[in-house]
Amino acid sequence: MTGHEREFTSTGTPAWKSPVALSIALHLLIAGVGLVGWSWSSPIHEPPPNSVSARLITQQKPEPSPVVEPVDQPDREQEQKELEKQKQAEAQKRQKEEEARKATEQKKREDAKRKADEQERKRKQAKAEERKVQEAREAEAARQKAEAEAKERERNKAEAEAEKQRQQAAQKKAEEEKRRQEEQRKREEAERKKKEEQARKEAERKRLESERRLQEQQLEAQADQARKARAEEAQRRKQAAAAKANEARMLSESEKYQAMIREKLSQAWFPPSSATEEMTVRLQITLLPTGELVSVKVMASSGNTAFDNSALGAVKSLNRYPVPSERDAFEAYFRQFTIEFNPRRLR
């Protein structure tokens, strides 16, 4: 190294193909990739580094073709400037995009407000028009009502006038008829009396006929009532007999099933050795229509717990009790019944 500055000489190669240009392009490409990654990661701007001035110092060699050795410091400075420019451009771009976005949002809000205002204006206008139409309808209805009332008054007035004229004409006609009748009264007096007598006799005949028919109707109605009463009485007797027969049948059937239940409980009951003939426990049994046991409880204890428990155990040991299939007989005698356990008998 001689420490002297050397002028760049042209070798006939294009400037963009020189090693320095290629090196700068490569660094710019690397810086661009880093800038893109930085723009996606963080929008914070870092302060630019301090610039360093430097000059390229090369050593002159005796080679026929001068070769320029690249120096890193000027390249880094250039890269840093380019990077800063790109950062500024990117920041300006983002700022413009943000301003555009805000402007778009502001425009959307303004458009939405204008649209809402327009809708409100149209709604108010429609409401006002509707109110006008309603008022017009009400006014038309009032007008029609007033016209109808006026026509009604005119019609009533005309009818009253016509009625007055009719009454006057009728009164005049009545007076004329009265005079005519007065003239004829004397001539018709005898005939009238004759007709009245005939009418009286005819009325008497009709009255007697009406009374006879009424008596016949009353007798017929009484006969109908008597027939209905006899039929109802026969029906009541028939129903009572059927009910009595059904009750007797259900009682007979219940006695049969009660005997079957006592037989099954006698087979399932094993009194304790301490039981005496004086011990008696009364149990209340509740069954389902299928004969299944619902519940059993002690109504009157024997005073001996083992004796009571043996009776309870016998009742609970039966899976299904024999019960009649007829629902009325079951509800009357087997839905809930009591039974007494005694060493000498079950009842």
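Because the structure is a prediction, the values reported are computed rather than measured. Counting starts from 1 at the beginning of each chain's written sequence and moves along it residue by residue. Under the rules for a predicted model, residues below a pLDDT of 70 receive no local features and side-chain atom pairs below 80 are neither given nor counted, while totals for whole chains, interfaces and linings still include all residues. Just so you know, side-chain values use all the structure's heavy atoms and leave hydrogens and water out.

Another aspect to go through is the overall build of the chain. Helix numbers and strand numbers start at the N terminus; a helix is a DSSP run of H or I with at least 4 residues, a strand a run of E with at least 2. The helix and strand inventory of the chain stands at four helices and four strands. To be clear on the numbers: accessible area is Shrake-Rupley with a 1.4 Å probe, and residue cover counts the displayed protein chains and nothing else. Summing over all exposed atoms, the chain offers an accessible surface of approximately 27400 Å²; the carbon and sulfur share of this is 52%.

Further remarks concern the packing of aromatic side chains. Only centres within 6.5 Å qualify two rings of Phe, Tyr or Trp (six-membered ring in Trp) as a pair; their planes then separate them into stacked at under 30 degrees, edge-to-face at over 60, and tilted for everything else. Scanning the model with the defined rule gives four aromatic pairs in all. Seen in terms of ring centroids, Trp269 and Phe307 are 5.5 Å apart; in terms of plane orientation they differ by 85°. Their pairing is edge-to-face. Taken together, the positions of Trp269 in the loop between helix H2 (72-268) and strand E1 (281-287) and Phe307 in helix H3 (residues 305-317) put the pair 38 residues apart, joining distant regions of the chain. The same class applies to Trp269 as to Phe307, namely buried. Here Trp269 and Phe341 contribute two aromatic rings whose centre-to-centre distance is 5.2 Å and whose plane-to-plane angle is 80°, an arrangement assigned as edge-to-face. Taken together, the positions of Trp269 in the loop between H2 and E1 and Phe341 in strand E3 (residues 336-342) put the pair 72 residues apart, joining distant regions of the chain. In this pair, the class of Trp269 matches that of Phe341, namely buried. Ring pairs connect the aromatic residues Tyr257, Phe334 and Phe337, which therefore count as one cluster. Burial here depends on accessible area, computed with a 1.4 Å probe over protein chains only, as a share of the maximum for the residue type. Under 20% is buried, over 50% is exposed, and the range in between is partly exposed.

Read from one edge of the open sheet, four strands run E2-E1-E3-E4, paired in antiparallel fashion. The open sheet has two edge strands, strand E2 (293-300) and strand E4 (345-346), and neither has a second partner. Bridge analysis of E1 against E2 gives six bridges, and the strand direction is antiparallel. Pairing of Leu283 across the sheet is with Val298, part of E2. DSSP calls a pair of strands paired once it identifies at least 2 bridges connecting them.

What follows covers the pairing of E3. Buried residues dominate E3, accounting for five of its seven residues. In this structure, E1 lies alongside E3, joined through six bridges in antiparallel fashion. Note on E3: the bridge partner recorded for Gln284 is Thr338. In this structure, the hairpin formed by E3 and E4 is closed by a connection of two residues.

By secondary structure assignment, the location of Val294 is in strand E2. Of the residues examined, Val294 reaches a relative accessible area of 47% and is grouped as partly exposed. The spacing of Val294 and Gln336 is 42 residues in sequence and 9.6 Å in space, taken between C-alpha atoms.

It is worth spelling out the confidence of the model for the chain at this point. Predicted coordinates in regions of low pLDDT should not be interpreted in detail. Across the chain, pLDDT averages 83, with 79% of residues at or above 70. Per residue, pLDDT captures the predictor's confidence, and it can take any value from 0 to 100. Whether two residues are in contact is decided by their heavy atoms: any pair within 4.5 Å suffices. Overall, residues 56-61 carries pLDDT values under 50, and its contacts beyond four positions in sequence, including any with other chains, amount to 17 contacts.

Another point: the nonpolar core. Note that soluble globular proteins tend to have their nonpolar side chains buried in a common cluster. By nonpolar core we mean a set of buried residues, namely Ala, Val, Leu, Ile, Met, Phe, Trp, Tyr and Cys, connected to one another through side-chain atoms within 4.5 Å. Grouped together as the largest cluster of nonpolar side chains are 24 residues, with contacts concentrated most on Leu265, Leu283, Val315 and Phe341. Considering every element that reaches this core, the biggest residue donor is H3, with five residues. Every residue in contact with Val315, bar those within four places of it in the chain, is listed here: Leu265, Leu283, Ile285, Leu293, Val296, Tyr321 and Phe341.

With that out of the way, let us pick up the environment of Glu82. Secondary-structure assignment places Glu82 in helix H2. Note on Glu82: relative accessible area 22%, which makes it partly exposed. C-alpha separation for the pair Glu82 and His27, spaced 55 residues apart in sequence, amounts to 9.9 Å.

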